[in-house]
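# Overview (structure and organization)
Now for the letters of each chain:
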Amino acid sequence: MAHVPGVIDDITKILTEFALTKFPVKALEVIGPLSERKSYRWRITSTRYKEITVLAKTSGALFSKPGLKEISIYGTTHERTLKPNLEDLKAYLDIAELVPI
């Protein structure tokens, strides 16, 4: 597993690309990553669709290597917990359906 800040940057890039393809450009904002102890949170907001929240939990015990533990997505038609890898996140976002407000 790559170092956590690198993975967080990659998730931010994936979410920004998702937002640019699924949302109208003038009506969106990607907020994050916001650090919350051992997790990071992103929000994708729009005036036309329900807010999408992505939560990435990290692991890193005292003597272990830091890594990604879990990725959860809320605000799409199927809220779910993903495998802790970027490929599963990309695959889910390819099929994710937005929920109108």
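Our subject is the structure that appears above.
As the structure is a computational prediction, the values presented were derived from the model and not from experiment.

Spatial strand order, β1-β2-β3-β4-β5: five strands in an open sheet with antiparallel pairing. With one partner strand each, in any of the chains shown, β1 (28-36) and β5 (80-82) form the two edges of the open sheet. Taking each pair of neighbouring strands and ignoring which way they run, the sheet shows an average axis angle of 15°. Where strand β2 (residues 39-46) lies against strand β3 (residues 52-59), six bridges are found, and the strand directions are antiparallel. Among the inter-strand pairings, Tyr40 is bridged to a residue of β3, identified as Ala56. Relative to β2, helix α1 (residues 4-22) is tilted by about 10°, and along the sheet it contacts β1, β2, β3 and β4 (67-74). Contacting β4 and β5, helix α2 (residues 86-95) crosses the sheet at an angle of about 145° to β5.

In this section: the environment of Arg41. Along the chain, the position of Arg41 falls in strand β2. Separated by 16 residues in the primary sequence, Arg41 and Lys57 have C-alpha atoms spaced 8.8 Å apart. Once residues lying within four places of it in the same chain are set aside, the contact partners of Arg41 are Ile31, Gly32, Pro33, Leu34, Glu36, Thr53, Val54 and Leu55. Of the polar contacts made by the side chain of Arg41, one reaches the side chain of Glu36; its length is 2.9 Å.

As a further point, take the pairing of β3. Here β3 lies mainly inside the structure; six of its eight residues are buried. The turn joining β2 and β3, which pair antiparallel and follow one another in sequence, is formed by five residues.

This part is about the nonpolar core. Core analysis: the biggest nonpolar cluster contains 25 residues, and Ile11, Trp42, Ile52, Ile73, Leu89 and Leu93 have the highest contact counts within it. Elements supplying a minimum of two residues to this core: α1, β2, β3, β4 and α2. Ranked by residue count, the leading element in this core is α1, at eight residues.

Definitions and cut-offs
Residues numbered from 1 in each chain as written. Predicted model: local features only at pLDDT ≥ 70, side-chain atom pairs only at ≥ 80, totals over all residues. Heavy atoms only, no water. Pairing = 2+ DSSP bridges. Helix = DSSP H or I, 4+ residues; strand = E, 2+ residues; numbered from the N terminus. Axes fitted to C-alpha atoms, helices over the stretch in contact; angles between N-to-C directions. Contact = heavy atoms within 4.5 Å. Polar contact = N/O pair within 3.5 Å; in protein donor to acceptor, adjacent residues only side chain to side chain. Buried < 20%, exposed > 50% of the residue type's maximum accessible area, 1.4 Å probe, protein only. Core = buried A, V, L, I, M, F, W, Y, C linked by side-chain atoms within 4.5 Å.

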